[in-house]
Structure formats: structure tokens, C-alpha cells
Amino acid sequence: MADSTQSAEAIVSDVHKKIKAAFEAFVYESNNSVDVREIGTIIYSLGCFPTQANLHNLIAEVEEDHTGYVHLDKFLPAMTRVLLEHKFPSIPEDLLLQAFEVLDKENKGYLEPEELTKYMTQEGEVFTQEEMDEMLTALADHEKNLVYYKDLISQLTIDPDI
């Protein structure tokens, strides 16, 4: 029994570390708060893919009195619950690879940022240009300005056993 308790505590501790690291990348003025517009990016970076409706519901739950900011103290327990309960499941690696390969019609192994932006801002649940700019800053190879999708897949998925 003690082992399972320690194991559960270790899992929660690991989840907390991942959430804090993702959140802290966007902290505003060192006050443990982020702009509410960054919450989607933080959630996606944790390998979760909520619908826009689910994202808005989570933001409504954690936003500080409609100030436009979310504090880590409110976000951490809500996001821990999301991850542990697998509320916004990640996409399996093989399916994600297939999706990128469909977009990569010439089988180059990469997508150009403009090409990816076109797909992501015009198809399905669309991203804003601001979200795309942030994503491309994080994902594109800075020397060649290309998105090597095979290298990204492990970053875009999380271990389903957490």
C-alpha cells in the first residue's frame, strides 16, 4: 500500500513539474500569472488537445475575476485534474505522423511555415495568426526556417500512462 501511495505521489509530482514548466514559460511580470490568451498554448504544449468549447470552459474556471490573467495557484489543480483524468487526450504518435505526411505531399520530411500556417488557420478548429506565430517560433528550425515534423511528434504527444 505504501508503494502505491508513493507511486501516485510521484506521478502527481511529475505532472506538477510539467505543468509548472509549461506555465512558467509564459509568466507575466514574475507574478506567477499568465495572460489568459496563453492558456491554449500552454495546454497544447502539455500534449492536450481540447475543443475550443472545452478550452473556454477551462479558462472560465481558472481566470482571475475576468481580469484577463490566470494565476498558477488556480491553473495547477485544474490542469492536474485534466491530465490525470485524460480529459483532453493527446493524439497518438502514429496518427499525428500520418497527418503530417498527408500535408507533406512531396515527402520532404518537413513543412514550410507558410504551408503549415495555411492549413492551421483555414482548416478544422483554426488557429489565430498570433497562435501560429508563437507555435512557429517554438517549432520551426531557426537556421533553415522549416518545420521538421518527425522531430516534433514526441513533443506534441505525452505518455498516456501519466
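Residues numbered from 1 in each chain as written. Predicted model: local features only at pLDDT ≥ 70, side-chain atom pairs only at ≥ 80, totals over all residues. Heavy atoms only, no water.

Looking at an unreviewed UniProt entry, one finds the protein named EF-hand domain-containing protein and attributed to Etheostoma spectabile.

Describing the environment of Thr67
Locating Thr67 in the fold gives a position in the loop between helix H3 (52–62) and strand S2 (69–71). Residues Thr67 and Ser30, 37 residues apart in the sequence, show an inter-C-alpha distance of 17 Å. Polar side-chain contacts of Thr67 include one of 2.7 Å to the backbone oxygen of Glu64. For Thr67, the side chain forms a polar contact with the main-chain nitrogen of Tyr69, separated by 3.3 Å. (Helix = DSSP H or I, 4+ residues; strand = E, 2+ residues; numbered from the N terminus. Polar contact = N/O pair within 3.5 Å; in protein donor to acceptor, adjacent residues only side chain to side chain.)

Comments concerning unusual backbone geometry
Look at Ser30: it is not a glycine, yet its phi comes out positive at around 55°. Examined against the element boundaries, Ser30 turns out to sit in the loop between helix H1 (2–24) and strand S1 (33–35). Exposure remark for Ser30: the relative accessible area of 77% places this residue in the exposed category. (Buried < 20%, exposed > 50% of the residue type's maximum accessible area, 1.4 Å probe, protein only.)

Quick look at the UniProt feature "domain: EF-hand" (unreviewed entry) in the protein
Under the UniProt annotation, "domain: EF-hand" (unreviewed entry) lies at residues 91–126. The span residues 91–126 is 58% helix and 0% strand, and its two end C-alpha atoms sit 17 Å from each other. (UniProt positions renumbered as here; feature names shortened; annotations may be inferred.)

Some remarks on the nonpolar core
Counting residues in hydrophobic clusters, the biggest one holds 41 residues, and the most contacted among them are Ile19, Ile39, Ile42, Ile43, Val70, Phe75 and Met79. Of all elements in the fold, only H1, helix H2 (39–45), H3, helix H4 (72–84), helix H5 (93–103), helix H6 (113–122), helix H7 (129–139) and helix H8 (149–156) reach the threshold of two or more residues within this core. Here this core takes seven residues from H4, the largest share from any one element. Two domains each put at least three residues into this core: domain 1 (1–85) and domain 2 (93–156). (Core = buried A, V, L, I, M, F, W, Y, C linked by side-chain atoms within 4.5 Å. Domains from an automatic or database assignment.)

Quick word on the domain arrangement of the protein
The domain boundaries assigned to the protein delineate domain 1 (1–85) and domain 2 (93–156). The C-alpha centroid of domain 2 is placed 24 Å from the C-alpha centroid of domain 1. Listed as interface residues are 10 residues of domain 1 and, on the opposing side, five residues of domain 2. In this assembly, domain 1 packs against domain 2 so that about 580 Å² is buried in total across both faces, 39% of it on carbon and sulfur atoms. A per-residue breakdown of the area domain 1 buries against domain 2 is headed by Thr41, Tyr44 and Gln52, which together make up 46% of the total. Our count for the domain 1 to domain 2 interface comes out at zero salt bridges. (Contact = heavy atoms within 4.5 Å. Buried area = accessible area lost by both parts, 1.4 Å probe. Salt bridge = Lys/Arg side-chain N within 4 Å of Asp/Glu carboxyl O.)

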